[in-house]
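# Topology and contacts: notes
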Amino acid sequence: QVQVVESGGGWVQPGGSLTLSCTTLKSGTLLTIYAAQWHRQAPGKQRELVASRTSNGYERYADSVKGRFTISKDPDSSQNMVYLQMNDLKDEDTAIYYCLLPREAYGYDYWGKGTPVTVSS
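Rules used in this analysis
Residues numbered from 1 in each chain as written. Predicted model: local features only at pLDDT ≥ 70, side-chain atom pairs only at ≥ 80, totals over all residues. Heavy atoms only, no water. Salt bridge = Lys/Arg side-chain N within 4 Å of Asp/Glu carboxyl O. Buried < 20%, exposed > 50% of the residue type's maximum accessible area, 1.4 Å probe, protein only. Helix = DSSP H or I, 4+ residues; strand = E, 2+ residues; numbered from the N terminus. Polar contact = N/O pair within 3.5 Å; in protein donor to acceptor, adjacent residues only side chain to side chain. Contact = heavy atoms within 4.5 Å. Pairing = 2+ DSSP bridges.

### Some thoughts on the pattern of salt bridges
- If you walk through the whole model with that rule in mind, you get seven salt bridges.
- Arg-53 serves as the salt-bridge partner of Glu-59, at 3.0 Å between the closest nitrogen and oxygen.
- With relative accessibility at 30%, the residue Glu-59 sits in the partly exposed group.
- On the basis of relative accessibility, which here comes to 22%, the residue Arg-53 falls in the partly exposed class.
- Put simply, Arg-40, Glu-48, Arg-68 and Asp-93 are held in one network by salt bridges that share partners.

### Here we look at the side chain of Thr-115
- One can find Thr-115 in strand E12 (residues 115–119).
- Relative accessible area serves as the criterion here: at 7%, Thr-115 is assigned to the buried category.
- A polar atom in the side chain of Thr-115 sits 3.1 Å from the backbone nitrogen of Gly-9.
- Apart from the residues lying within four places of it in its own chain, the contact partners of Thr-115 are Glu-6, Ser-7, Gly-8, Gly-9, Leu-20, Ala-95, Ile-96 and Tyr-97.

### Some remarks on the pairing of E12
- Burial along E12 is one-sided: the residues Thr-115, Val-117 and Val-119 are buried and none of Pro-116 and Thr-118 is.
- Bridge analysis of strand E2 (residues 10–12) against E12 gives three bridges, and the strand direction is parallel. Of the residues in E12, the one forming a bridge with Val-12 is Val-119.
- Note that strand E10 (residues 95–101) and E12 share three bridges and pair antiparallel. Its bridge partner lying in E12, Tyr-97 is registered against Thr-115.

### With respect to unusual backbone geometry
- The backbone of Asp-88 sits at a positive phi, close to 50°, despite the residue not being glycine.
- Structurally, the position occupied by Asp-88 is in the loop between strand E9 (81–86) and E10.
- Overall, the relative accessible area of 39% leaves Asp-88 in the partly exposed class.

Okay, structure coming up:
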């Protein structure tokens, strides 16, 4: 059983920053993350892809977050964390953010339960 666990969400004022983290466990053991995606779902809207990183390091971002969000992996040899650095946050970034290990790399889509981000003054 693979578990995907997100953390780091919270409340922030417009213009502020947050860093989300994602880690994966299988039978209590941390897994190496080769590829990952961050999605978000705002109230009343469909879930959308925010950022993705493939196993060869290719990154892609939604137009709405380009230049503000950065997806990255753990820089040390453990490679079992992936992050979403979010800067210059806007009200419209308010959503639940989900980490996904995609089927292209893992044979199955593994979703986390999400972490909420609220941007408001």
